[in-house]
Amino acid sequence: MRQPLSRELSNLLERGRDRQLRLAVTGLSQAGKTAFLTSLVNQLRHAGVEAQLDLLPAARDGRLLGAQRLNQPDLGVPRFPYDPGMAALRDTPPRWPEPTRGISELRLQLRYRPAQSSWFAPDIAHLTLDLFDYPGEWLLDLPLLQHDFYSWCQAQPLLEGEQRRALFNEWLDAVASLDPASDADEAQLAQLAEMYAQGLRRAKQAGFSDLQPGRFLLPGELSGAPVLQFFPLPHLDAPKEMLDTLPDSSLYATLAARFRYYQQQVVRPFYRDHFRRFDRQIVLVDVLGALNAGPERFEDLSRALRQLMQSFDYGKRSLLSRLFAPKIDRLAIAATKADHVTPDQHGHVVQLLEALLAEPLKDLRFANVPVKALSLAAIRATEAREVVHDGKRSSALRGTTLEGEDVLVYPGDVPNRLPNADFWQHQGFDFPSFRPMPSSSDALSHIRMDAAIDWLIGDKLA
C-alpha cells in the first residue's frame, strides 16, 4: 500500500536531514528475531532509567533520554507486537514471545543530547528509527531470484545427507517416475506439492534451514493457490535446451511457469517493496543451535546463509543515493542465544560465526561495507555460576527448562573454527530449551544488546 504523498514527503525530508534510519532485523527461522526486537525496543525505551547499556556511549554518558513509539508509517503493515511480547515475558512463569508469522514494523522516536553543542545545534535532538521484522521462512525465497526453474532444481539439496533425505523419502518415491514431457495433471500436482510441503515442514521441525520455497512453510493468504502447487524435479537428466521446447501443457513447462509466477508475483514484489528500503541491517544466526544439532544441520545452515547474504544490496552511498536508491551501509551479524554457553566461550562463538560466513564477509569488506560480528542474548535465560566439579572450579549455567525444571548445565566447548569430523564424533552439546529469566526491573536483562545497538545506530546519536 502506497503512503500518502504528505507522509512520503515528510519521510524524504527526515532522510535528507539524516534523522531517519530504517533497520531490518533479519535471520532464519528460530534465530530469535522476535526476542531481539522486543528487547531492542525495551532497552531504548528505558535507556535513560534502568537499562544497562554501558557499551552504548550515548546511554553511558546520560545523553540518550529514551524512546517513544510513534504512529505506523505504513498503515497497511501490522505493528510489531511489542506489548504482547512483554506481557508474555512478565507472565508467571515467563514465556517467550510468539514468533511473528508475517511482516511487521514499528516506528520509534529517540531523543538525546548531542555530544557537542554549538550555536546552530539544538539542545535536544531526535532520531526516527523504523524497525522491520519478517518471517525467516520468507527470507529463504530471496535466492530464488538468481535462478530459473531448471537451475533451481539442480541446486536443491534434497539428496544431500541421510537425515534430510529421509524426511523427503515419501515425496522422492512419488516423483521418481515422473516424465517431464508428460501432460500435467492438476490433481496430481496439488497432491505432490502438498507432499513436498510436508517434507519441508518436517525438515524445519528437525532443525534444517535451507528450505525453499519459504512460503510453503508460511503460506498466509496464498494457502491453496496454484502458485504454491509446484516443486523441484530432483532427477533432471535432459539438457535445459530440450526441456524448454516442451509444450506448455507438459509437466515440466507447467512447473516452470508456476515457478516464474512465484518469482515475479510473490518474491520480487516482497524484495522491491521492503528489502530495498533498508539503511542498516542485523542478521541473527542460531549458530549454537546448529552446532548442537549435528553436522548435516550445521552445513545446511551454512549453505542457507551463504545464499541469503548474496541476496541483499550492500554498499556505501552518498546522501543522494541514500534518498533515491537506498542501500544497506552498515551490517551486524550476531550469533544469538549466547547465554547457552558460559562467558569464557563467547569469543569462540564469534570466531565460529566469522568462519561460517567467511566468504560473504570477505565480499562485504572488499566492498568497504562496515560489518561487525558479535554474540548476544537479547533476553537472558540463564545466569553463569562458578561451581566445583570433580574437584575443580568450572563455569556452569543455571536456568529453568520450558518444563519448569531448574537445572545446572555444563556446556561443551565451542570450536573457534569450522568443526572437523573429529569434533562431531566427540562433541558433547545437549542444550535444553530455557524459559526467559524473570526480570526484577522494567528493563530486560541481556548480553551485549548495548554493543549491537551502538554498532547499528550509535553513530547517529553522537
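Remember, predicted model here, so these are calculated numbers, not experimental data. (Residues numbered from 1 in each chain as written. Predicted model: local features only at pLDDT ≥ 70, side-chain atom pairs only at ≥ 80, totals over all residues. Heavy atoms only, no water.)

1. Observations regarding the overall build of the protein chain
So, point 1. Check the secondary structure of the protein chain and you find 18 helices and 10 strands.
So, point 2. Relative to a compact globule of 462 residues, whose C-alpha radius of gyration would be 23 Å, the protein chain shows 24 Å and is just as compact.
So, point 3. Structurally, the protein chain occupies a C-alpha span of about 75 × 70 × 45 Å along its principal axes.
So, point 4. Of all 462 residues assigned to the protein chain, the portion counted as buried reaches 54%. (Helix = DSSP H or I, 4+ residues; strand = E, 2+ residues; numbered from the N terminus. Rg over C-alpha atoms; globule rule 2.2 N^0.38 Å. Buried < 20%, exposed > 50% of the residue type's maximum accessible area, 1.4 Å probe, protein only.)

2. What to know about the pattern of salt bridges
So, point 1. Overall, the coordinates contain 20 salt bridges when judged by the stated rule.
So, point 2. Among the salt bridges present, the one from arginine 215 reaches glutamate 221, with a minimum N-O distance of 3.7 Å.
So, point 3. Overall, the relative accessible area of 8% leaves arginine 215 in the buried class.
So, point 4. According to the relative accessible area criterion, glutamate 221 is exposed, its value standing at 65%. (Salt bridge = Lys/Arg side-chain N within 4 Å of Asp/Glu carboxyl O.)

3. Observations concerning the sheet that holds strand 2 (residues 64–70)
So, point 1. Ordered by their spatial adjacency, seven strands build an open sheet running 2-3-4-1-5-6-7, and the pairing between neighbours is mixed. Unpaired on one side and paired on the other, strand 2 and strand 7 (371–375) mark the two borders of the sheet. If you compare each strand with its neighbour and ignore which way they point, the axes differ by 20° on average.
So, point 2. Here nine bridges tie strand 3 (residues 104–112) to strand 4 (residues 125–133), and the two strands are oriented antiparallel to one another. Note that in strand 4 the partner of glutamine 109 across the bridge is threonine 128.
So, point 3. Packed onto the sheet, helix 2 (residues 33–45) meets strand 1 (20–27), strand 2, strand 3, strand 4 and strand 5 (280–285) and runs at close to 165° relative to strand 4. (Pairing = 2+ DSSP bridges. Axes fitted to C-alpha atoms, helices over the stretch in contact; angles between N-to-C directions. Contact = heavy atoms within 4.5 Å.)

4. A word on the environment of leucine 211
So, point 1. Along the polypeptide, leucine 211 turns up in the loop between helix 9 (186–205) and helix 10 (240–243).
So, point 2. Leucine 211 sits in the buried class, given a relative accessible area of 1%.
So, point 3. Sequence spacing of leucine 211 and asparagine 71 is 140 residues, and the spatial spacing of their C-alpha atoms is 35 Å.
So, point 4. With residues up to four places along the chain from it excluded, the contact list for leucine 211 reads Leu140, Arg164, Leu200, Ala203, Lys204 and Leu217.

5. Quick notes on helix 18 (residues 449–457)
So, point 1. Burial within helix 18 is extensive, with eight of its nine residues counted as buried.
So, point 2. Within helix 18, the full set of buried residues consists of Met449, Asp450, Ala451, Ala452, Ile453, Trp455, Leu456 and Ile457.

6. Let's talk about the pairing of strand 10 (residues 406–409)
So, point 1. Burial of strand 10 is one-sided: the residues Val407 and Val409 facing one way are buried, the residues Asp406 and Leu408 facing the other way are not.
So, point 2. The pairing of strand 9 (residues 392–400) with strand 10 spans four bridges and is classified as antiparallel. Residue pairing for strand 10: threonine 400 is matched across the bridge by aspartate 406.
So, point 3. In textbook terms, the turn of a hairpin is the stretch between consecutive antiparallel strands, and for strand 9 and strand 10 this stretch comprises five residues, one of which, glycine 404, has a positive phi near 95°.

7. Some points on the packing of helix 2 against helix 4 (residues 82–90)
So, point 1. Between helix 2 and helix 4, the shortest axis-to-axis distance is 10 Å and the interhelical angle comes to 90°. Considering the angle they form, helix 2 stands roughly perpendicular to helix 4. Taking contact as the criterion, the partners of Thr38, Val41, Asn42 and Arg45 in helix 2 are, on helix 4, Tyr82, Gly85, Met86, Leu89 and Arg90. (Parallel < 35°, antiparallel > 145°, perpendicular 65-115°, else oblique.)

8. Thoughts on the domain arrangement of the protein chain
So, point 1. The domain architecture assigned to the protein chain consists of domain 1 (21–137 + 276–381 + 437–460) and domain 2 (142–271).
So, point 2. On a C-alpha basis, the centroid separation for the pair domain 1 and domain 2 is 33 Å.
So, point 3. Listed as interface residues are 20 residues of domain 1 and, on the opposing side, 21 residues of domain 2.
So, point 4. Together, Glu137, Glu296 and Arg297 form the three largest contributors to the area buried by domain 1 at its contact with domain 2, with a combined 34%.
So, point 5. Our enumeration of links across domain 1 and domain 2 arrives at three salt bridges.
So, point 6. The residue lysine 204 makes a salt bridge to glutamate 137 at a minimum N-O spacing of 2.5 Å.
So, point 7. Viewed at the interface, domain 2 and domain 1 are joined by 11 residue pairs in polar contact (both at pLDDT 80 or more).
So, point 8. Here the element with the most residues in the side of domain 1 that touches domain 2 is helix 13 (residues 295–309); it accounts for eight residues.
So, point 9. Its residues assigned to classes, the side of domain 1 that touches domain 2 comprises eight nonpolar, four polar and eight charged. (Domains from an automatic or database assignment. Buried area = accessible area lost by both parts, 1.4 Å probe. Polar contact = N/O pair within 3.5 Å; in protein donor to acceptor, adjacent residues only side chain to side chain. Nonpolar A, V, L, I, M, F, W, Y, C, P; charged D, E, K, R; others polar.)

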